[in-house]
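# Examination of the molecular architecture
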Amino acid sequence: GGADAVPFITHHEALDIDLYLRISLELHLKRLVVSGYEKVYEIGKVFRNEGMSTQHLQEFTMLEFYCAYQEYRGLMEFVERLYAHVVEKVFPDQKKRFQAPWPRISYVDIVKQKTGIDVLALKDPQELKEKIDIDPSISLPRAIDRLYKKYVRPSLKGPVFLIDFPLIFSPLAKKKENDPRLTERFVVVMDG
């Protein structure tokens, strides 16, 4: 994600200054929320250069939004309505597929179901070396993500909400009240 990205830097010769292509919309939007704007969004270009992937372009358009005083269940309902509206206008033949409610699937549960591994019990990325290729410097969250991408994500057809992410993936997200090892965070997954 954006946290791993290194900004693209270029030099403007006429002005003799360095310029940067942004890697995320997040920070400016969060500043607006903190300053009192309760609902903000932006659709904008972002650039990533932290590696190559068959699943990501280096330049892409992102929609990011924040809503103060809204918990994640309400945001999931908003996302369902947003997708349903856009699909109805752009891909009307897919309208039925995007009707709410979408399944909510626990990240921890689906990884355990597909791999037999309880990610909350893991202490060291080396515990996963039988299942995935790992190098000595890999972090535990990155190793778990590789496990998920290899064994789980291809089977998710969706649209589905992946929920209940381990706290080690999102240390700044709100902890779940009934299990503080998990966070109130979601990701939309479609067709892997």
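The sections below set out a description of the structure shown in this document.

### Structural notes on the overall build of the protein
Per the secondary structure count, the protein includes 4 helices and 10 strands. Secondary structure elements in the protein, listed N-terminal to C-terminal, are β-β-α-β-β-α-β-α-α-β-β-β-β-β. Burial statistics for the protein: of 192 residues in total, 32% are counted as buried. Surface accessibility of the protein: about 12800 Å² in total, with carbon and sulfur atoms responsible for 55%.

### Quick look at helix α3 (residues 107–115)
Listing the buried residues of α3 in full gives Tyr 107, Val 108, Ile 110, Val 111 and Thr 115. Of the surrounding elements, those touching the buried residues of α3 are β5 (104–106), α4 (140–151), β6 (160–163), β7 (165–166) and β9 (179–183). Of the residues flanking the end of α3, it is Gly 116, one or two places downstream, whose phi is positive at about 80 degrees.

### Digging into the sheet that holds β6
With mixed pairing, the 3 strands of this open sheet are ordered in space as β5-β6-β10. What marks the edges here is a single partner per strand, and that holds for β5 and β10 (187–189). With strand direction ignored, the average angle separating the axes of adjacent strands in the sheet is 35 degrees. Examined bridge by bridge, β5 and β6 share 3 bridges and lie parallel to one another. Looking at β6, one finds that Ile 105 is bridged to Leu 162. Where α3 meets the sheet, its contacts fall on β5 and β6, and the angle it forms with β5 comes to roughly 65 degrees.

### Thoughts on the sheet that holds β7
Backbone-to-backbone hydrogen bonds pair the strands of a sheet. The strands run either parallel or antiparallel. An order of β7-β9-β8 is seen for the 3 strands of this open sheet, with the pairing classed as antiparallel. Two strands bound the open sheet, and with one partner strand each, they are β7 and β8 (175–176).

### Overview of the pattern of salt bridges
Scanning all chains against the criterion turns up 11 salt bridges. With a shortest N-O distance of 3.9 Å, Glu 59 and Lys 45 are connected by a salt bridge. Of the two residues, Glu 59 sits in strand β4 (residues 59–67) while Lys 45 sits in strand β3 (residues 39–47), which places them 14 residues apart along the sequence. Given the relative accessible area of 41%, Lys 45 is considered partly exposed. A salt bridge links Lys 149 to Asp 145; the nearest nitrogen and oxygen atoms lie 3.0 Å apart. Taken together, the residues Lys 149 and Asp 145, both in helix α4 and 4 residues apart, mark about one turn of the helix.

Thresholds, definitions, all that
- Residues numbered from 1 in each chain as written.
- Predicted model: local features only at pLDDT ≥ 70, side-chain atom pairs only at ≥ 80, totals over all residues.
- Heavy atoms only, no water.
- Helix = DSSP H or I, 4+ residues; strand = E, 2+ residues; numbered from the N terminus.
- Buried < 20%, exposed > 50% of the residue type's maximum accessible area, 1.4 Å probe, protein only.
- Areas by Shrake-Rupley, 256 points an atom, 1.4 Å probe, with all protein chains shown as cover.
- Contact = heavy atoms within 4.5 Å.
- Pairing = 2+ DSSP bridges.
- Axes fitted to C-alpha atoms, helices over the stretch in contact; angles between N-to-C directions.
- Salt bridge = Lys/Arg side-chain N within 4 Å of Asp/Glu carboxyl O.

The analysis is restricted to geometry; functional conclusions fall outside its scope.
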